[in-house]
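So you can see what is in the structure, the chains are spelled out below.
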Amino acid sequence: MLIDQHNRIHDYLRISLTDNCNLRCFYCMPEEDYAFMPNQRLMQKDEIVHLASLFVQNGVKKIRLTGGEPLVRKDAAAIIKALGKLGVNLSMTTNATRVHLFIDELNQAGIQSLNISLDTLQKEKFQLLTRRDQFNQVKTNIDLLLAHGFKLKINVVVVKGMNDHEILDFIAWTKDTPIQIRFIEFMPFDGNKWNSDKLLTLQEMLNIIGKEYKIATAMSEPNDTSKRYTIENHAGSFAVISTMSAPFCNTCNRIRLTADGKIKNCLFSSEETDLLTALRKGENVLPLIEDSIYKKHRELGGQFSKEFEKINTDLLHNRSMIAIGG
Ligand code: SAM
Ligand code: SF4
C-alpha cells in the first residue's frame with residue numbers, strides 16, 4: 001500500500017498520456033510558444049503498462065487517463081486496451097473532440113464514465129477560450145456518449161469575466177440531461193496569468209445558483225474532490241471543485257504520473273520523481289514511488305494555503321497544467 005507521512009492511503013493514479021493537445025485553452029496552455037515533448041521523452045506504451053501494473057500491485061484501484069488530450073496520442077487505443085486488462089476502475093478526462101473515434105475501445109476497456117471539459121455553451125466563446133472551432137463536435141459527442149450510456153461529468157473552469165455569467169445556463173442544461181456539471185475554481189499554473197480577482201469561489205457560485213434554484217447538498221463519495229449538490233426535479237446535478245477556497249487535501253488519495261514518466265505527488269508539488277529514467281536503466285522503481293508518496297506535503301504541495309488572496313504567482317514553482325494532466 002502507498003501511504004504518505006500524513007497517513008493518507010494513495011490508491012488513485014492519474015496518468016498523463018501526452019502533453020500534446022488539439023485545443024489551446026488559455027488557462028491550461030501558456031500563451032508563449034509551448035514546445036510539446038518529443039516522442040522519445042514520453043513514456044511508451046509498454047512503459048505505461050509496466051508502471052501502471054506496479055502501482056496496481058501496490059494498492060492502486062482506480063486509474064484515470066488524462067493529458068494534454070489523451071485521445072490525440074496515436075497509440076491511445078492500444079494503451080486503453082492494455083490498461084483495461086488491469087482490473088481497475090479505468091476512466092478518462094478528455095476534451096471530447098475525438099471521442100467519437102473511440103467508442104468501441106472505451107466500451108471494450110470497461111470505461112463507463114468520462115469527465116469532459118466544456119467551459120462555455122456558446123460556440124463563438126468556445127473558439128475564444130480554446131482557439132479552435134470544435135464546439136459543435138464536442139456537443140455532438142456529448143450526446144453520442146449519453147446515447148451509448150456513458151456517465152458524464154462536465155468540467156467547467158469558471159473564470160470571472162469570462163464564463164461566470166453562464167453558470168445558470170449550465171445548471172439549466174441539467175434539468176433534462178443526466179449529467180453532472182462540475183464547476184472548477186480557477187487554479188494557478190505556470191504561464192496561465194492567474195490572479196485572485198479572476199477566481200470565483202465555491203460560495204460565490206452557490207450564491208448565484210441559490211438565487212434561482214433550491215439547492216440540496218448531496219452525499220459525497222470517499223476521497224471526493226468535489227462538493228456535490230442536487231436541484232429538485234433536475235435529471236442531472238452539479239458539483240464544485242473548490243481547490244482554492246476550500247481545499248480537500250486531508251482526504252487526498254491521488255498520485256499523478258506525467259507523460260514523461262515523473263511522479264507528482266500533488267497537483268501543486270514543485271518536487272518530481274523521475275521514474276522513467278530509472279525504469280529505462282533497469283532499476284527497481286518501487287522504492288522511488290514509495291519515497292515520493294511518503295514525502296507528500298500536507299496541503300497544496302506546501303506552496304500556498306486557502307488564503308488565496310496572498311498567493312504570489314512569481315513564487316510558485318510548477319509546470320503548466322497541460323504538462324501535468326489535471
Ligand atoms: N484535455 C483534457 C481535458 O481538457 O479534459 C484532459 C487534460 S486537462 C489538463 C484536465 C482538466 O484540467 C480539464 O478539466 C481542465 O479544464 C482542467 N484545468 C486545466 N487548467 C486548469 C486551471 N488553470 N484551473 C482549473 N482547472 C484546470
Ligand atoms: Fe487541451 Fe484539456 Fe488543456 Fe484544454 S484543458 S488545452 S483541452 S489539455
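Thresholds applied
Residues numbered from 1 in each chain as written. Chains lettered and ligands numbered in written order. Predicted model: local features only at pLDDT ≥ 70, side-chain atom pairs only at ≥ 80, totals over all residues. Heavy atoms only, no water. Helix = DSSP H or I, 4+ residues; strand = E, 2+ residues; numbered from the N terminus. Buried < 20%, exposed > 50% of the residue type's maximum accessible area, 1.4 Å probe, protein only. Contact = heavy atoms within 4.5 Å. Phe/Tyr/Trp six-rings, centres within 6.5 Å; stacked < 30°, edge-to-face > 60°. Salt bridge = Lys/Arg side-chain N within 4 Å of Asp/Glu carboxyl O. Near = heavy atom within 4 Å. Nonpolar A, V, L, I, M, F, W, Y, C, P; charged D, E, K, R; others polar. Patch = residues over 30% accessible without salt bridge, like charges linked within 9 Å, V, L, I, M, F, W, Y side chains within 5 Å. Areas by Shrake-Rupley, 256 points an atom, 1.4 Å probe, with all protein chains shown as cover. Expected span 1.5 Å × (residues − 1). Arc of directions from axis to C-beta. Pairing = 2+ DSSP bridges.

1. Side note on unusual backbone geometry
Phase 1: Cis geometry is adopted by the peptide bond preceding Gly68, which originates at Gly67 and carries an omega value of 20°.
Phase 2: With respect to the element layout, Gly68 can be found in the loop between strand 2 (62-66) and helix 2 (76-83).
Phase 3: Positive phi, normally seen in glycine, also occurs at Asn7, with a value near 70°.
Phase 4: Mapped onto the secondary structure, Asn7 falls in the segment before strand 1 (12-16).
Phase 5: Take Asn7: its relative accessible area is 66%, and that puts it in the exposed class.
Phase 6: If you check the backbone angles, Ala96 has positive phi at about 70° while not being a glycine.
Phase 7: Checked against the element boundaries, Ala96 lands in the loop between strand 3 (89-94) and helix 3 (103-108).
Phase 8: Residue classification places Ala96 among the buried residues on the basis of a relative accessible area of 0%.

2. Quick notes on the environment of Ile293
Phase 1: As for its position among the elements, Ile293 is in helix 9 (residues 286-294).
Phase 2: Sequence spacing of Ile293 and Asn253 is 40 residues, and the spatial spacing of their C-alpha atoms is 9.9 Å.
Phase 3: The residues contacting Ile293, other than those within four sequence positions of it, are Leu2, Ile3, Asp4, His10 and Ile255.

3. Structural notes on the packing of aromatic side chains
Phase 1: Under the counting rule described, the total for this entry stands at seven aromatic pairs.
Phase 2: Centroid distance Phe26 to Phe186: 6.5 Å. Interplanar angle 55°. Geometry classified as tilted. In this pair, Phe26 is assigned in the loop between strand 1 and helix 1 (45-57) and Phe186 in the loop between strand 6 (180-185) and helix 7 (202-212), connecting sequence segments 160 residues apart.
Phase 3: Looking at Phe26, the relative accessible area reads 25%, which means it is partly exposed.
Phase 4: Under the relative-accessibility criterion, Phe186 is labelled buried at 1%.

4. Points about the pattern of salt bridges
Phase 1: Evaluation of the coordinates by the stated rule reveals 11 salt bridges.
Phase 2: With its nearest N and O atoms 3.7 Å apart, the salt bridge here joins Lys45 to Asp46.
Phase 3: The class of Asp46 is exposed, set by a relative accessible area of 56%.
Phase 4: Here the residues in one salt-bridge network are Arg41, Asp260 and Lys262, joined through shared partners.

5. Looking at the site of ligand 2
Phase 1: Residues in contact with ligand 2, as listed here, are Cys21, Leu23, Cys25, Cys28, Gly68, Asn95 and Ile322.
Phase 2: Residues belonging to the shell around ligand 2 are distributed by class as follows: five nonpolar, two polar and no charged.

6. Description of a nonpolar patch on the surface
Phase 1: A surface patch of nonpolar side chains, amounting to about 290 Å² of accessible area, comprises Met1, Ile3 and Ile9.
Phase 2: Structurally, Ile3 is set in the segment before strand 1.
Phase 3: The exposure class assigned to Ile3 is partly exposed, which follows from its relative accessible area of 33%.

7. Some remarks on helix 1
Phase 1: Along its 13 residues, helix 1 runs 18 Å from first to last C-alpha, staying within 8% of the 18 Å computed at 1.5 Å per residue.
Phase 2: Taken together, the buried positions of helix 1 are Glu47, Ile48, Val49, Leu51, Ala52, Ser53, Leu54 and Phe55.

8. Description of helix 2
Phase 1: Looking at helix 2, one finds that the buried residues are Ala76, Ile79, Ile80, Ala82 and Leu83. In an axial view of helix 2, the angular spread of the buried residues amounts to 165°, which keeps them on one side of the axis.
Phase 2: If you follow the buried residues of helix 2, they end up packed against strand 1, helix 1, strand 2, strand 3 and helix 3.

9. Here we look at the sheet that holds strand 3
The strands making up a sheet associate through backbone hydrogen bonding, with each pair oriented either parallel or antiparallel.
Phase 1: Read from one edge of the open sheet, 12 strands run 7-8-9-6-5-4-3-2-1-10-11-12, paired in mixed fashion. Each edge of the open sheet is held by one strand with a lone partner, namely strand 7 (215-217) and strand 12 (273-274).
Phase 2: Direction of pairing for strand 1 relative to strand 2: parallel, over a ladder of five bridges. Within the sheet, the bridge partner assigned to Ser16 lies in strand 2 and is Thr66.

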